[in-house]
Amino acid sequence: MSRTPAAEPDFRERVEILVKLIPPGRVMTYGQLAALCGNPRAARIVGGIAHFGDPALPWQRVVNKLGGLASGYPGGRSQHKVALESEGIRVNDYYVDVKELLWWPPVGHI
């Protein structure tokens, strides 16, 4: 039987390390984080980590695969928009241009 990401003791830690690395003005997706941390099917778990994770991390830089903002972000999508716009990211109808803004960590940082 395969282990779930929640059962992997370092899955959350790997996600948080990657989130710390996302530079201002760039974004990563839940699925991208999940895949880079070892389980491409764990996007929902990454979302849960984001919504209840360390508030000192730049969770505003994490969006869904279409660039959509999170309703579960503290203060909702409107506050998520404010946080991204404060970094110079343009948000249209609660979406960002994920193709333009997607960030990938340098090789060896995972």
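Residues numbered from 1 in each chain as written. Predicted model: local features only at pLDDT ≥ 70, side-chain atom pairs only at ≥ 80, totals over all residues. Heavy atoms only, no water.

Caption draft 1: Seen up close, the overall build of the chain. For the chain, the helix and strand inventory stands at five helices and two strands. Ordered by position from N to C terminus, the α and β elements of the chain give α-β-α-α-β-α-α. The globule rule puts the C-alpha radius of gyration for 110 residues at 13 Å, and the 13 Å found for the chain is close to it. For the chain, the spread of C-alpha atoms along the principal axes amounts to about 45 × 30 × 25 Å. Out of the 110 residues in the chain, the part that is buried amounts to 44%. (Helix = DSSP H or I, 4+ residues; strand = E, 2+ residues; numbered from the N terminus. Rg over C-alpha atoms; globule rule 2.2 N^0.38 Å. Buried < 20%, exposed > 50% of the residue type's maximum accessible area, 1.4 Å probe, protein only.)

Caption draft 2: Here's a closer look at the environment of Arg-44. Locating Arg-44 in the fold gives a position in helix α3 (residues 43-52). Overall, Arg-44 belongs to the exposed group, its relative accessible area being 80%. Considering only alpha carbons, one finds Arg-44 and Asn-64, 20 residues apart in sequence, at a separation of 10.0 Å.

Caption draft 3: The arrangement of the pattern of salt bridges in detail. In this structure the tally under the stated criterion is three salt bridges. A salt bridge links Arg-14 to Asp-10, with the nearest nitrogen and oxygen atoms 2.7 Å apart. (Salt bridge = Lys/Arg side-chain N within 4 Å of Asp/Glu carboxyl O.)

Caption draft 4: Examining the confidence of the model for the chain more closely. Overall, the prediction assigns the chain a mean pLDDT of 91, with 92% of residues at 70 or greater. Element-level pLDDT for the chain is lowest in α3, with a mean of 91, against a maximum mean of 98 in strand β1 (residues 28-29). (pLDDT = per-residue confidence, 0-100.)

Caption draft 5: View of the side chain of Arg-61. Checked against the element boundaries, Arg-61 lands in the loop between α3 and β2 (62-63). Side chain to side chain, Arg-61 and Glu-87 meet in a polar contact 2.9 Å long. With residues up to four places along the chain from it excluded, the contact list for Arg-61 reads Ile-22, Pro-23, Pro-24, Arg-26, Val-27, Met-28, Leu-84 and Glu-87. (Polar contact = N/O pair within 3.5 Å; in protein donor to acceptor, adjacent residues only side chain to side chain. Contact = heavy atoms within 4.5 Å.)

Caption draft 6: Up close: helix α4 (residues 76-85). Within α4, burial applies to Gly-76, His-80, Ala-83 and Leu-84. The buried residues of α4 all sit within an arc of 105 degrees when viewed along its axis, so they share a single face. Where α4 is buried, its residues meet β2. (Arc of directions from axis to C-beta.)

Caption draft 7: View of the side chain of Gln-60. Tracing the backbone shows Gln-60 in the loop between α3 and β2. With sequence-adjacent residues up to four places away left out, Gln-60 is seen in contact with Tyr-73, His-80, Ala-83, Leu-84 and Glu-87.

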